[in-house]
Amino acid sequence: MPISSEPEQTVKLFYHYTGFHSLLIGLFPFYIPVFLWKLGFTLAEISYFIACTGFGFCATLWLWDRISKRVGLRTIITASFLLEAALLSGVYLSGSIWFLPLFALLNGAYNCFFWIVQRVLFYKMVSPGNSGRNFGNFQIFVVIILKIGVFTGAILLEKHGFLALYLLSVLTALLGTISLRFFQVDIRLPATLLDERPLSLTDLWDFKDGLRSKLIFSFDGVFLFLESYFWLISLFLLVRESFWHLGLLVIVLTITFSLLFLFIKNTIDHIAKQKIYVLAVVLYIGAWLLRGGVEGVEMASSMLFTVLVLITFCTSFFRLAFNKRFFDHAKRTSGYNYIMAKSYYSQFYIGVTFMALGLIYSHWPQVSPSLCYAYIAAAFAALLYLSYPLPES
């Protein structure tokens, strides 16, 4: 059998790893915020859960950055599957007083292993000239696999309960682990990452690059959890708290906007970079304003669906443009340390911000106005993304 070149090996491993985890995320972690909601946890308690997830991610990343220098990538990937299984097992502690913080810490640990390995592999296979197209291809791939998981997870949660979903997820994680043994590529972390010393707290404190990266990193993670947790709760309430209807809605929205996305991902590397980025930020701001409108206004089903498609498209378009800019900056600056610094800052401020939101929501429990005001505030805060400069040619 001919030996693949290193770039081909990286691409194969990236899609293999991302495919299994996207399926696993769709099966259950995607539903965590609404699962907690169905268990009776309040918006304040879910905010505390997100905060603990962020702090757990930071603590795990500190360990990951040191462990990764001593063990192989195969071991790290195996650990990511084991952590996913541990996260699922944590659900069975739901009757315990320690359930929420322990479940959150497991969620943070799993997120760390999954996202850091994915970003490292993605960074290794892209260049400034193809990052937009590659991220677009990756996003479409993830959408397809993730939605298969979302569809399956919705059916299992709605019709058969958590045990069936748990068994399928553990089996999938086991297959993901076993399949590494038959993977015909060299499984290792990039040599440049292994040669870099782990980031210290002093390195993070002194981090400064003239690109306002520290500012961007500090609030971007908050937006990601607003998108994936708070907005999912809003959609869940719109479909009258049905897992099945939520999964179906998410899939229909994805199929609708994906047709437009196919064109954009192949052209973003060739359009004037600053113009496309500014447009993406403006549309992203509009998406948050629309979210606030959906929360506070009654509208016809056809109008509501149109608004939801616009929100999904504008958010995905922004993420494409932003991630292209982020990875282009990483290529031109400190490389893997840039990726690590973003994770530390993003996750730490996720912890701080959502801890504060938890305190606010504990004294202001009304869900609809709380989420509406959060989305309107996010729209104004999103203006800060315009301060992220264009990468130098």
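As shown above, the structure is provided for reference.
Our subject in this report is the structure included herewith. (Residues numbered from 1 in each chain as written. Predicted model: local features only at pLDDT ≥ 70, side-chain atom pairs only at ≥ 80, totals over all residues. Heavy atoms only, no water.)

### Things to note about the overall build of the protein chain
Scanning the protein chain from terminus to terminus reveals 15 helices and 0 strands. In the protein chain, buried positions account for 55% of the 393 residues. Sequence-distant contacts in the protein chain: of pairs separated by 6 or more residues, those separated by 24 or more amount to 88%. (Helix = DSSP H or I, 4+ residues; strand = E, 2+ residues; numbered from the N terminus. Buried < 20%, exposed > 50% of the residue type's maximum accessible area, 1.4 Å probe, protein only. Contact = heavy atoms within 4.5 Å.)

### Some remarks on the layout of surface pockets
If a probe as big as a water molecule is rolled over the atoms, it shows which places are left empty. Taken as a whole, the second largest pocket encloses approximately 260 Å³ of empty space. Taken together, Leu201, Leu204, Trp205, Lys214, Ser218, Tyr344, Tyr345, Phe348 and Tyr349 form the lining of the second largest pocket. Going through the elements one at a time, α9 (201-206), α10 (213-238) and α14 (336-362) are the ones with two or more residues in the lining of the second largest pocket. Broken down by element, the lining of the second largest pocket gets its largest block of residues, 4 residues, from α14. Tallied by class, the residues present in the lining of the second largest pocket amount to 7 nonpolar, 1 polar and 1 charged. (1 Å grid on protein atoms, 1.4 Å probe; cavity = no way out; pocket = protein on both sides within 12 Å on 5 of 7 lines; lining within 4 Å. Points joined across faces, edges and corners; volume = space filled by probe spheres on them. Nonpolar A, V, L, I, M, F, W, Y, C, P; charged D, E, K, R; others polar.)

### Re α10
The first and last C-alpha atoms of α10 sit 36 Å apart over 26 residues, in line with the 38 Å expected at 1.5 Å per residue. The principal kink in α10, of about 35°, is found at Leu226. The element α10 is largely enclosed, with a buried count of 20 among its 26 residues. (Expected span 1.5 Å × (residues − 1). Bend = angle between axes of the 7 residues up to and from the residue.)

### Digging into unusual backbone geometry
Residues other than glycine seldom take positive phi values, yet Arg212 does so here, at roughly 60°. Mapped onto the fold, Arg212 is located in the loop between α9 and α10. If you check the backbone angles, Arg240 has positive phi at about 60° while not being a glycine. Along the chain, Arg240 turns up in the loop between α10 and α11 (243-267).

### Describing the packing of α10 against helix α13 (residues 301-332)
Interhelical geometry of α10 versus α13 gives an angle of 160° and a closest axis separation of 13 Å. Viewed along their axes, α10 and α13 adopt a mutual orientation that is roughly antiparallel. Viewed along their axes, α10 and α13 form a crossing whose handedness is left-handed. Counting all contacts with α10, which are made through Ile216, Phe217, Asp220, Phe223, Leu224, Glu227, Trp231, Leu235 and Leu238, the residues of α13 involved are Leu304, Leu308, Ile311, Thr315, Arg319, Phe322 and Phe326. Residues of the contact of α10 with α13, tallied by class, amount to 12 nonpolar, 1 polar and 3 charged. (Axes fitted to C-alpha atoms, helices over the stretch in contact; angles between N-to-C directions. Parallel < 35°, antiparallel > 145°, perpendicular 65-115°, else oblique. Left-handed = near helix turned anticlockwise from the far one by under 90°.)

### Describing the packing of aromatic side chains
Counted by the stated rule, this structure contains 51 aromatic pairs. Residues Tyr284 and Trp288 carry aromatic rings whose centres are separated by 5.9 Å and whose planes lie at 80° to one another, so their mutual orientation is edge-to-face. One end of the pair is Tyr284 and the other is Trp288, both in helix α12 (residues 273-296) and 4 residues apart, which spans about a single turn. Across the pair, exposure class does not vary: Tyr284 and Trp288 are buried alike. Here the aromatic residues Phe219, Phe223, Trp231, Tyr284, Trp288, Phe318, Phe322, Tyr375, Tyr385 and Tyr388 are joined through ring pairs into a cluster of three or more. Lying across the ring of Tyr277, Arg325 places its NZ or CZ 3.9 Å from the centre. It is Lys331 that lies over the ring of Tyr123; its NZ or CZ is 4.1 Å from the centre. (Phe/Tyr/Trp six-rings, centres within 6.5 Å; stacked < 30°, edge-to-face > 60°. Lys NZ or Arg CZ within 6 Å of the ring centre and 35° of its normal.)

### Some points on the nonpolar core
Residues Trp64, Phe230, Phe354 and Tyr385 are the most contacted members of the largest nonpolar core, which totals 126 residues. Discounting residues that sit within four places of it in the chain, Phe230 has contacts with Leu43, Ser47, Ile50, Phe225, Phe354, Leu357, Tyr361, Leu371 and Tyr375. (Core = buried A, V, L, I, M, F, W, Y, C linked by side-chain atoms within 4.5 Å.)

### Brief notes about the pattern of salt bridges
A full pass over the atoms with the stated rule returns 6 salt bridges. Across the salt bridge formed by Asp220 and Lys342, the nearest N and O atoms sit 2.9 Å from each other. Here the residue Asp220 occupies a position in helix α10, and Lys342 occupies one in helix α14, the gap between them amounting to 122 residues. Asp220 gets classed as buried once you look at its relative accessible area, which sits at 1%. Relative accessible area serves as the criterion here: at 6%, Lys342 is assigned to the buried category. Between Lys324 and Asp328 there is a salt bridge, with its nearest N and O atoms 3.1 Å apart. Of the two residues, Lys324 and Asp328 both sit in helix α13, 4 residues apart, roughly one turn of that helix. The two residues Lys324 and Asp328 agree in class, both being buried. (Salt bridge = Lys/Arg side-chain N within 4 Å of Asp/Glu carboxyl O.)

As far as function goes, none of this settles anything; it's purely spatial.
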